[in-house]
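Given next are the chains, with one letter for each unit.
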Amino acid sequence: MKMLTDKFGRQITYLRLAITDRCNLRCQYCMPAHGIDIVDRKDLLTYKEMYRITRVLSELGVNKVRLTGGEPFVRKDFIHFLETLSFNDKLDQINITTNGALISKHISKLETLGIHAVNLSLDTLKADKFKQITRRDVFEETIQTLDKLLASKLTIKLNVVILPGVNTNEIASFIELTKNKDIAVRFIEEMPFNGTGLRKTDEVWNLDKIYAEIQKSYKNIIPLVDKKSSTSKNFKIDGYTGSFGIIPAFTRTICHDCNRIRITATGLFKNCLFDDGVFNIRDFIRNGASDDELKELFIKTVQQKPINGFVAEANRKNKKVSESMSTIGG
Ligand code: SAM
Ligand code: SF4
(Lines give C-alpha, C1' and ligand atoms only; values in the text may rest on other atoms or scores of the structure.)
(Ligands and ions follow the chains in the order given, each with its own letter.)
Protein backbone atom coordinates (compact mmCIF):
# COMPACT_ATOMS: atom_id res chain seq x y z
CA MET A 1 0.00 0.00 0.00
CA LYS A 2 1.26 3.50 -0.83
CA MET A 3 1.72 5.59 2.29
CA LEU A 4 1.76 9.27 3.07
CA THR A 5 5.33 10.03 4.04
CA ASP A 6 6.94 13.46 4.00
CA LYS A 7 10.48 14.24 2.92
CA PHE A 8 11.67 14.05 6.53
CA GLY A 9 10.44 10.45 6.78
CA ARG A 10 7.44 11.28 8.94
CA GLN A 11 4.45 9.07 8.20
CA ILE A 12 1.09 10.81 8.21
CA THR A 13 -1.49 8.73 10.05
CA TYR A 14 -3.72 11.35 11.64
CA LEU A 15 -6.33 13.60 10.03
CA ARG A 16 -7.97 16.54 11.79
CA LEU A 17 -11.16 17.29 9.94
CA ALA A 18 -13.26 20.39 10.62
CA ILE A 19 -16.96 19.55 10.33
CA THR A 20 -18.07 23.18 10.18
CA ASP A 21 -16.76 26.70 10.79
CA ARG A 22 -19.88 27.56 12.81
CA CYS A 23 -20.03 27.57 16.59
CA ASN A 24 -22.58 28.06 19.36
CA LEU A 25 -20.00 29.81 21.58
CA ARG A 26 -17.78 32.83 21.01
CA CYS A 27 -14.64 32.11 23.07
CA GLN A 28 -12.58 35.29 23.43
CA TYR A 29 -9.36 33.63 22.24
CA CYS A 30 -10.98 31.97 19.24
CA MET A 31 -13.62 34.24 17.73
CA PRO A 32 -14.66 37.87 17.83
CA ALA A 33 -17.97 38.62 19.62
CA HIS A 34 -19.67 39.60 16.38
CA GLY A 35 -19.04 39.57 12.69
CA ILE A 36 -16.95 36.47 12.15
CA ASP A 37 -17.11 35.61 8.45
CA ILE A 38 -19.15 32.44 8.15
CA VAL A 39 -18.74 30.70 4.81
CA ASP A 40 -21.69 29.96 2.53
CA ARG A 41 -23.25 26.58 3.19
CA LYS A 42 -22.54 25.47 -0.38
CA ASP A 43 -18.82 26.07 0.23
CA LEU A 44 -18.69 23.64 3.15
CA LEU A 45 -17.64 20.10 2.34
CA THR A 46 -20.68 17.83 2.28
CA TYR A 47 -20.69 14.76 4.53
CA LYS A 48 -20.37 12.62 1.40
CA GLU A 49 -17.22 14.54 0.41
CA MET A 50 -15.84 14.23 3.94
CA TYR A 51 -16.53 10.52 3.94
CA ARG A 52 -14.76 10.11 0.60
CA ILE A 53 -11.73 12.14 1.64
CA THR A 54 -11.41 10.13 4.84
CA ARG A 55 -11.80 6.83 3.00
CA VAL A 56 -9.13 7.74 0.44
CA LEU A 57 -6.76 8.92 3.17
CA SER A 58 -7.38 5.75 5.18
CA GLU A 59 -6.31 3.76 2.10
CA LEU A 60 -3.02 5.71 2.32
CA GLY A 61 -2.39 4.79 5.96
CA VAL A 62 -4.39 7.37 7.93
CA ASN A 63 -5.85 5.39 10.82
CA LYS A 64 -6.91 8.12 13.23
CA VAL A 65 -9.37 10.96 12.65
CA ARG A 66 -10.24 13.86 14.92
CA LEU A 67 -13.50 15.63 14.14
CA THR A 68 -13.46 19.24 15.18
CA GLY A 69 -14.51 22.65 13.96
CA GLY A 70 -16.07 25.13 14.79
CA GLU A 71 -18.36 23.06 16.93
CA PRO A 72 -19.00 19.71 15.21
CA PHE A 73 -22.32 19.16 16.99
CA VAL A 74 -23.90 22.32 15.57
CA ARG A 75 -23.90 20.78 12.10
CA LYS A 76 -27.16 18.99 11.32
CA ASP A 77 -26.93 15.19 11.14
CA PHE A 78 -23.42 15.06 12.65
CA ILE A 79 -24.35 11.92 14.61
CA HIS A 80 -25.48 10.25 11.41
CA PHE A 81 -22.14 11.15 9.80
CA LEU A 82 -20.33 9.60 12.78
CA GLU A 83 -22.34 6.45 12.29
CA THR A 84 -21.32 6.27 8.61
CA LEU A 85 -17.68 7.03 9.40
CA SER A 86 -17.61 4.30 12.03
CA PHE A 87 -18.15 1.71 9.25
CA ASN A 88 -14.65 2.45 7.91
CA ASP A 89 -12.70 -0.43 9.41
CA LYS A 90 -9.34 1.07 8.41
CA LEU A 91 -9.84 3.72 11.10
CA ASP A 92 -8.53 2.61 14.51
CA GLN A 93 -9.69 5.76 16.26
CA ILE A 94 -12.40 8.35 15.71
CA ASN A 95 -12.02 11.20 18.20
CA ILE A 96 -14.01 14.38 18.69
CA THR A 97 -13.12 17.81 20.05
CA THR A 98 -16.17 19.65 21.37
CA ASN A 99 -17.20 22.44 23.69
CA GLY A 100 -19.71 19.96 25.13
CA ALA A 101 -22.67 22.32 25.45
CA LEU A 102 -24.88 20.36 23.07
CA ILE A 103 -23.80 16.79 23.62
CA SER A 104 -24.89 15.40 26.97
CA LYS A 105 -27.85 13.62 25.35
CA HIS A 106 -25.60 11.97 22.75
CA ILE A 107 -23.02 10.35 25.03
CA SER A 108 -24.45 6.84 25.10
CA LYS A 109 -24.73 6.97 21.30
CA LEU A 110 -21.04 7.96 21.07
CA GLU A 111 -20.22 4.90 23.18
CA THR A 112 -22.32 2.64 20.97
CA LEU A 113 -20.61 3.95 17.86
CA GLY A 114 -17.20 3.10 19.28
CA ILE A 115 -15.91 6.66 19.41
CA HIS A 116 -12.53 6.45 21.12
CA ALA A 117 -11.93 9.79 22.84
CA VAL A 118 -13.74 13.02 23.46
CA ASN A 119 -11.69 16.13 24.09
CA LEU A 120 -13.87 18.52 26.03
CA SER A 121 -12.84 22.17 26.02
CA LEU A 122 -13.38 23.81 29.38
CA ASP A 123 -11.24 26.74 30.48
CA THR A 124 -12.71 27.42 33.90
CA LEU A 125 -14.59 25.65 36.68
CA LYS A 126 -16.50 28.83 37.58
CA ALA A 127 -19.86 29.72 35.99
CA ASP A 128 -19.35 33.49 35.84
CA LYS A 129 -15.90 33.19 34.31
CA PHE A 130 -17.20 30.66 31.82
CA LYS A 131 -19.73 33.22 30.62
CA GLN A 132 -17.02 35.86 30.36
CA ILE A 133 -14.68 33.61 28.34
CA THR A 134 -17.25 32.01 26.02
CA ARG A 135 -19.71 34.94 25.88
CA ARG A 136 -22.48 32.36 26.34
CA ASP A 137 -24.35 31.11 29.41
CA VAL A 138 -24.04 27.34 29.06
CA PHE A 139 -21.77 26.37 31.95
CA GLU A 140 -24.34 24.00 33.51
CA GLU A 141 -24.81 22.11 30.22
CA THR A 142 -21.03 21.74 29.81
CA ILE A 143 -20.54 20.45 33.35
CA GLN A 144 -23.40 18.02 32.85
CA THR A 145 -21.57 16.74 29.77
CA LEU A 146 -18.34 16.38 31.76
CA ASP A 147 -20.14 14.36 34.43
CA LYS A 148 -21.76 12.09 31.85
CA LEU A 149 -18.45 11.62 30.03
CA LEU A 150 -16.79 10.63 33.30
CA ALA A 151 -19.48 8.03 33.89
CA SER A 152 -19.04 6.64 30.35
CA LYS A 153 -16.49 4.25 28.81
CA LEU A 154 -15.08 6.99 26.59
CA THR A 155 -11.53 8.26 27.00
CA ILE A 156 -11.72 11.88 28.14
CA LYS A 157 -9.28 14.71 27.77
CA LEU A 158 -10.03 18.17 29.07
CA ASN A 159 -8.61 21.02 26.98
CA VAL A 160 -7.82 24.12 29.02
CA VAL A 161 -6.44 27.14 27.16
CA ILE A 162 -4.26 29.11 29.58
CA LEU A 163 -5.46 32.71 29.57
CA PRO A 164 -3.17 35.09 31.46
CA GLY A 165 -4.98 36.76 34.35
CA VAL A 166 -8.19 34.87 33.63
CA ASN A 167 -7.71 31.21 34.57
CA THR A 168 -4.05 30.95 35.61
CA ASN A 169 -5.24 30.81 39.23
CA GLU A 170 -7.30 27.68 38.45
CA ILE A 171 -4.45 25.48 37.22
CA ALA A 172 -4.23 23.60 40.53
CA SER A 173 -8.03 23.15 40.64
CA PHE A 174 -7.87 21.48 37.24
CA ILE A 175 -5.05 19.22 38.41
CA GLU A 176 -7.16 18.27 41.45
CA LEU A 177 -9.75 16.86 39.01
CA THR A 178 -7.17 14.19 38.16
CA LYS A 179 -6.91 13.07 41.81
CA ASN A 180 -9.76 10.56 41.71
CA LYS A 181 -10.85 10.71 38.09
CA ASP A 182 -9.36 8.92 35.09
CA ILE A 183 -9.04 12.04 33.03
CA ALA A 184 -6.18 13.77 31.20
CA VAL A 185 -6.20 17.54 31.66
CA ARG A 186 -4.17 19.35 29.02
CA PHE A 187 -3.15 22.97 29.43
CA ILE A 188 -2.80 24.65 26.04
CA GLU A 189 -0.58 27.64 25.29
CA GLU A 190 -2.81 30.36 23.91
CA MET A 191 -2.13 31.14 20.27
CA PRO A 192 -2.58 34.86 19.73
CA PHE A 193 -5.02 34.71 16.83
CA ASN A 194 -8.78 34.71 17.01
CA GLY A 195 -10.00 35.69 13.57
CA THR A 196 -9.44 39.41 14.03
CA GLY A 197 -5.67 39.56 13.63
CA LEU A 198 -3.12 39.13 16.39
CA ARG A 199 -4.65 39.15 19.86
CA LYS A 200 -2.58 41.12 22.35
CA THR A 201 -1.80 39.44 25.64
CA ASP A 202 0.16 41.19 28.38
CA GLU A 203 1.92 38.05 29.54
CA VAL A 204 3.04 34.96 27.68
CA TRP A 205 2.23 31.70 29.43
CA ASN A 206 4.31 29.14 27.60
CA LEU A 207 5.03 25.53 28.55
CA ASP A 208 7.89 26.47 30.91
CA LYS A 209 5.84 29.07 32.73
CA ILE A 210 2.82 26.78 33.06
CA TYR A 211 5.06 24.00 34.41
CA ALA A 212 6.75 26.38 36.85
CA GLU A 213 3.33 27.44 38.12
CA ILE A 214 2.36 23.80 38.72
CA GLN A 215 5.62 23.19 40.60
CA LYS A 216 4.62 25.91 43.06
CA SER A 217 1.71 23.73 44.25
CA TYR A 218 3.09 20.21 43.69
CA LYS A 219 6.43 18.68 44.64
CA ASN A 220 5.54 15.14 43.54
CA ILE A 221 5.22 15.52 39.76
CA ILE A 222 6.07 12.40 37.75
CA PRO A 223 7.01 12.88 34.06
CA LEU A 224 5.28 10.30 31.83
CA VAL A 225 6.71 8.74 28.68
CA ASP A 226 4.96 10.59 25.87
CA LYS A 227 3.45 8.51 23.08
CA LYS A 228 5.12 9.01 19.69
CA SER A 229 3.70 12.09 17.95
CA SER A 230 2.01 13.22 21.16
CA THR A 231 0.94 16.87 21.06
CA SER A 232 1.56 17.28 24.80
CA LYS A 233 4.30 16.84 27.40
CA ASN A 234 2.64 14.63 29.98
CA PHE A 235 2.89 14.23 33.74
CA LYS A 236 0.97 12.96 36.73
CA ILE A 237 0.91 13.75 40.39
CA ASP A 238 2.18 10.78 42.37
CA GLY A 239 -0.81 8.79 43.63
CA TYR A 240 -3.39 10.57 41.45
CA THR A 241 -5.58 8.54 39.08
CA GLY A 242 -5.48 10.81 36.04
CA SER A 243 -2.74 12.78 34.35
CA PHE A 244 -2.06 16.23 33.02
CA GLY A 245 -0.15 17.59 30.05
CA ILE A 246 0.97 20.84 28.52
CA ILE A 247 0.47 21.49 24.80
CA PRO A 248 3.13 23.84 23.40
CA ALA A 249 0.77 24.98 20.66
CA PHE A 250 2.57 28.26 20.09
CA THR A 251 6.18 27.47 21.08
CA ARG A 252 5.98 24.46 18.74
CA THR A 253 8.47 22.09 20.35
CA ILE A 254 6.48 19.03 19.24
CA CYS A 255 6.83 19.35 15.47
CA HIS A 256 9.73 16.91 14.98
CA ASP A 257 7.55 13.81 14.86
CA CYS A 258 4.31 15.37 13.66
CA ASN A 259 2.00 12.83 12.01
CA ARG A 260 -0.91 15.21 11.35
CA ILE A 261 -2.64 16.90 8.45
CA ARG A 262 -5.70 19.14 8.60
CA ILE A 263 -8.66 19.68 6.33
CA THR A 264 -10.80 22.73 6.98
CA ALA A 265 -14.59 22.83 6.70
CA THR A 266 -14.29 24.27 3.18
CA GLY A 267 -11.85 21.56 2.09
CA LEU A 268 -8.57 23.44 2.40
CA PHE A 269 -5.74 20.95 2.92
CA LYS A 270 -3.17 22.05 5.51
CA ASN A 271 0.11 20.29 6.15
CA CYS A 272 0.54 22.36 9.31
CA LEU A 273 -1.59 24.45 11.64
CA PHE A 274 0.60 27.43 10.74
CA ASP A 275 0.59 27.17 6.93
CA ASP A 276 -1.97 28.99 4.81
CA GLY A 277 -3.39 25.96 3.06
CA VAL A 278 -1.88 24.00 0.22
CA PHE A 279 -4.85 23.31 -2.05
CA ASN A 280 -8.61 23.01 -2.00
CA ILE A 281 -9.77 19.39 -2.20
CA ARG A 282 -13.42 20.39 -2.47
CA ASP A 283 -12.83 22.02 -5.87
CA PHE A 284 -10.74 19.08 -7.01
CA ILE A 285 -13.52 16.65 -6.06
CA ARG A 286 -16.28 18.80 -7.53
CA ASN A 287 -14.29 18.91 -10.81
CA GLY A 288 -14.55 15.13 -11.02
CA ALA A 289 -11.24 13.86 -9.57
CA SER A 290 -10.96 10.08 -9.33
CA ASP A 291 -9.79 8.30 -6.17
CA ASP A 292 -6.41 7.64 -7.81
CA GLU A 293 -6.00 11.29 -8.70
CA LEU A 294 -6.88 12.27 -5.15
CA LYS A 295 -4.32 9.82 -3.80
CA GLU A 296 -1.58 11.13 -6.09
CA LEU A 297 -2.37 14.67 -4.98
CA PHE A 298 -2.27 13.76 -1.27
CA ILE A 299 1.03 11.89 -1.70
CA LYS A 300 2.60 14.83 -3.59
CA THR A 301 1.28 17.44 -1.16
CA VAL A 302 2.45 15.68 1.98
CA GLN A 303 5.94 15.75 0.47
CA GLN A 304 5.82 19.53 0.94
CA LYS A 305 5.08 19.32 4.68
CA PRO A 306 7.40 21.82 6.35
CA ILE A 307 9.78 20.62 9.05
CA ASN A 308 8.04 22.67 11.72
CA GLY A 309 5.46 25.35 12.42
CA PHE A 310 8.02 28.17 12.23
CA VAL A 311 9.01 27.24 8.68
CA ALA A 312 5.32 26.84 7.80
CA GLU A 313 4.62 30.33 9.10
CA ALA A 314 7.62 31.84 7.28
CA ASN A 315 6.45 30.22 4.00
CA ARG A 316 2.99 31.80 4.16
CA LYS A 317 1.97 34.12 1.33
CA ASN A 318 -0.06 36.03 3.88
CA LYS A 319 2.61 36.35 6.57
CA LYS A 320 0.52 36.88 9.68
CA VAL A 321 -1.51 33.97 11.01
CA SER A 322 -4.81 35.58 11.90
CA GLU A 323 -7.44 32.93 11.15
CA SER A 324 -9.63 31.70 13.97
CA MET A 325 -8.95 28.15 15.14
CA SER A 326 -12.62 27.56 14.34
CA THR A 327 -11.77 28.03 10.66
CA ILE A 328 -8.48 26.14 10.78
CA GLY A 329 -10.04 23.23 12.65
CA GLY A 330 -8.39 23.25 16.08
N1 SAM B 1 -15.55 23.92 19.31
C2 SAM B 1 -14.78 22.82 19.69
C3 SAM B 1 -14.09 23.07 21.02
O4 SAM B 1 -14.03 24.19 21.47
O5 SAM B 1 -13.59 22.10 21.59
C6 SAM B 1 -13.77 22.36 18.65
C7 SAM B 1 -13.03 23.44 17.91
S8 SAM B 1 -11.90 24.41 18.87
C9 SAM B 1 -11.26 25.49 17.65
C10 SAM B 1 -10.62 23.23 19.16
C11 SAM B 1 -9.66 23.58 20.28
O12 SAM B 1 -8.93 24.73 19.89
C13 SAM B 1 -10.35 23.91 21.60
O14 SAM B 1 -9.81 23.12 22.62
C15 SAM B 1 -10.00 25.36 21.81
O16 SAM B 1 -9.87 25.66 23.16
C17 SAM B 1 -8.70 25.50 21.04
N18 SAM B 1 -8.39 26.88 20.65
C19 SAM B 1 -9.16 27.75 19.96
N20 SAM B 1 -8.55 28.93 19.79
C21 SAM B 1 -7.34 28.81 20.39
C22 SAM B 1 -6.23 29.70 20.58
N23 SAM B 1 -6.25 30.93 20.11
N24 SAM B 1 -5.17 29.23 21.26
C25 SAM B 1 -5.14 27.94 21.74
N26 SAM B 1 -6.15 27.08 21.60
C27 SAM B 1 -7.24 27.50 20.94
FE1 SF4 C 1 -16.34 27.69 19.43
FE2 SF4 C 1 -14.48 25.94 20.13
FE3 SF4 C 1 -13.82 28.35 19.15
FE4 SF4 C 1 -14.89 28.22 21.56
S5 SF4 C 1 -12.92 27.31 20.93
S6 SF4 C 1 -15.50 29.65 19.91
S7 SF4 C 1 -16.26 26.55 21.36
S8 SF4 C 1 -14.83 26.75 18.06
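Everything below is about the structure printed above this text.
Residues numbered from 1 in each chain as written. Chains lettered and ligands numbered in written order. Predicted model: local features only at pLDDT ≥ 70, side-chain atom pairs only at ≥ 80, totals over all residues. Heavy atoms only, no water.

## Overview of the overall build of the chain
What counts, and what does not: Runs of E in the DSSP output that reach at least two residues are strands. Runs of H or I that reach at least four are helices, and both are numbered from the N terminus. Two things to know: the radius of gyration comes from C-alpha atoms, and the globule rule equals 2.2 Å times the number of residues to the power 0.38. Throughout, exposure labels follow a simple rule: accessible area from a 1.4 Å probe, protein chains only, divided by the maximum for the residue type, with under 20% read as buried, over 50% as exposed, and the rest as partly exposed.
What the chain contains, in helices and strands, is eleven helices and twelve strands. Taken against the 2.2 N^0.38 rule, which gives 20 Å for 330 residues, the C-alpha radius of gyration of the chain at 19 Å falls within 12% of a compact globule. Reported as C-alpha extents along the three principal axes, the dimensions of the chain are approximately 55 × 40 × 40 Å. A total of 330 residues make up the chain; the buried ones form 55% of that total.

## Considerations on the packing of helix H1 (residues 47-58) against helix H9 (residues 291-303)
For the record, the criterion: For every element, the axis is a line fit to its C-alpha atoms; helices are fit only across the contacting stretch, and the angle between N-to-C directions ranges from 0 to 180 degrees. Throughout, the term roughly parallel applies to angles under 35 degrees, roughly antiparallel to angles over 145, roughly perpendicular to angles from 65 to 115, and oblique to all others. For a crossing to be left-handed, the near helix must be turned anticlockwise from the far one by less than a right angle; the clockwise case is right-handed. Whether two residues touch is decided by their heavy atoms; if any such pair falls within 4.5 Å, the residues are in contact. Side-chain classes are defined by residue name, with Ala, Val, Leu, Ile, Met, Phe, Trp, Tyr, Cys and Pro counting as nonpolar, Asp, Glu, Lys and Arg as charged, and the others, Gly among them, as polar.
Contact geometry of H1 with H9 gives a least axis separation of 10 Å together with a crossing angle of 65°. Between H1 and H9, the interaxial angle falls into the category roughly perpendicular. Read as a crossing pair, H1 and H9 show a hand that is right-handed. Along its contact with H1, which presents Arg52, Ile53, Arg55, Val56 and Leu57, the element H9 presents Asp291, Leu294, Lys295 and Phe298. Residue classes in the contact of H1 with H9 are distributed as five nonpolar, no polar and four charged.

## Some remarks on the pattern of salt bridges
Operational definition: A side-chain nitrogen of Lys or Arg and a carboxyl oxygen of Asp or Glu constitute a salt bridge if their distance falls within 4 Å.
Here the structure, examined in full by the defined rule, presents 17 salt bridges. Between glutamate 49 and arginine 286 there is a salt bridge, and its shortest N-O distance comes to 2.7 Å. Here arginine 286 lies in helix H8 (residues 281-286) and glutamate 49 lies in helix H1, a separation of 237 residues in the sequence. Judged by relative accessible area, glutamate 49 falls into the buried class, the value being 11%. Classification of arginine 286 as partly exposed rests on a relative accessible area of 38%. One salt-bridge network, held together by shared partners, links Arg52, Arg55, Glu59, Asp291 and Lys295.

## Observations regarding the site of ligand 1
To keep things clear, this is the line we draw: Working definition: residue near molecule or strand if any one of its non-hydrogen atoms lies within 4 Å of it. What qualifies as a polar contact is a pair of N or O atoms within 3.5 Å, subject to a donor-acceptor requirement within protein and to the restriction that residues adjacent in sequence count only when both atoms come from side chains. For every accessible area listed, the method is Shrake-Rupley and the probe measures 1.4 Å; residues are considered covered only by the protein chains on display.
Around ligand 1, 20 residues are found, and the nearest of them are Tyr29, Gly70, Ser121, Asn159 and Met191. For ligand 1, a nitrogen atom lies 3.1 Å from a polar atom in the backbone of glycine 70. Between ligand 1 and threonine 98, the relevant distance is 3.2 Å, taken from an oxygen atom to a main-chain nitrogen or oxygen of the residue. About the coverage of ligand 1: the protein hides 95% of its 540 Å² of free accessible area.

## Here we look at the side chain of aspartate 21
Checked against the element boundaries, aspartate 21 lands in the loop between strand E1 (14-18) and H1. A polar side-chain atom of aspartate 21 sits 2.9 Å from a polar atom in the side chain of arginine 22. At 3.0 Å, the side chain of aspartate 21 forms a polar contact with the backbone nitrogen of valine 39.

## Structural notes on unusual backbone geometry
The phi angle at aspartate 77 is positive, at roughly 65°, despite the residue not being glycine. Relative to the helices and strands, aspartate 77 is located in the loop between strand E2 (64-68) and helix H2 (78-85). Taking relative accessible area as the criterion, aspartate 77 reaches 47% and is therefore assigned partly exposed. Positive phi values are uncommon outside glycine, yet arginine 252 reaches one of about 55°.

## Here we look at a nonpolar patch on the surface
Convention followed: Patch members must show over 30% relative accessible area and no salt bridge, and they are joined within 9 Å when carrying like charges or within 5 Å when they are nonpolar side chains of Val, Leu, Ile, Met, Phe, Trp or Tyr.
A cluster of nonpolar side chains, Phe8, Ile307 and Val311, forms an exposed patch at the surface whose accessible area comes to about 220 Å². Looking at the secondary structure, you find phenylalanine 8 in the segment before E1.

## Brief notes about the packing of H1 against H2
Following both chains from N to C, one finds H1 and H2 inclined at 25°, their axes separated by 11 Å at the closest point. Considering the angle they form, H1 stands roughly parallel to H2. The two elements H1 and H2 cross, and the hand of that crossing is right-handed. Residues Tyr47, Met50, Tyr51 and Thr54 of H1 form the contact with H2, whose participating residues are Phe78, Phe81, Thr84 and Leu85. A breakdown of the residues in the contact of H1 with H2 according to their chemical character gives six nonpolar, two polar and no charged.

## Overview of H9
Note the following rule: To estimate the expected span of a helix, subtract one from its residue number and multiply by 1.5 Å.
Helix length check: H9 (13 residues) gives 19 Å between terminal C-alpha atoms against 18 Å at 1.5 Å per residue, within 8%. Residues Leu294, Lys295, Leu297, Phe298, Ile299, Thr301 and Val302 constitute the buried set of H9. Contacts made by the buried residues of H9 are with H1, strand E10 (260-263), strand E11 (268-270), strand E12 (279-280) and H8.

## Topic: the pairing of strand E5 (residues 155-162)
Keep this limit in mind: Looking down the strands as they point away from you, a crossover is right-handed if its path from the first strand over the helix to the second goes clockwise.
Burial of E5 is extensive: six of the eight residues sit out of reach of the surface. With helix H6 (residues 171-177) bridging E5 and its parallel neighbour strand E6 (residues 184-189), the resulting β-α-β unit is right-handed.

## Points about the sheet that holds strand E9 (residues 243-247)
Inclusion rule: For two strands to pair, DSSP has to find at least two bridges joining them.
Read across the sheet, twelve strands follow the order E7-E8-E9-E6-E5-E4-E3-E2-E1-E10-E11-E12 without closing on themselves; strand pairing throughout is mixed. Across the chains shown, the open sheet's two edge strands, defined by having one partner strand only, are strand E7 (221-223) and E12. Note: E7 against strand E8 (residues 233-237), three bridges, orientation antiparallel. Bridged to isoleucine 221 within E8 is isoleucine 237.

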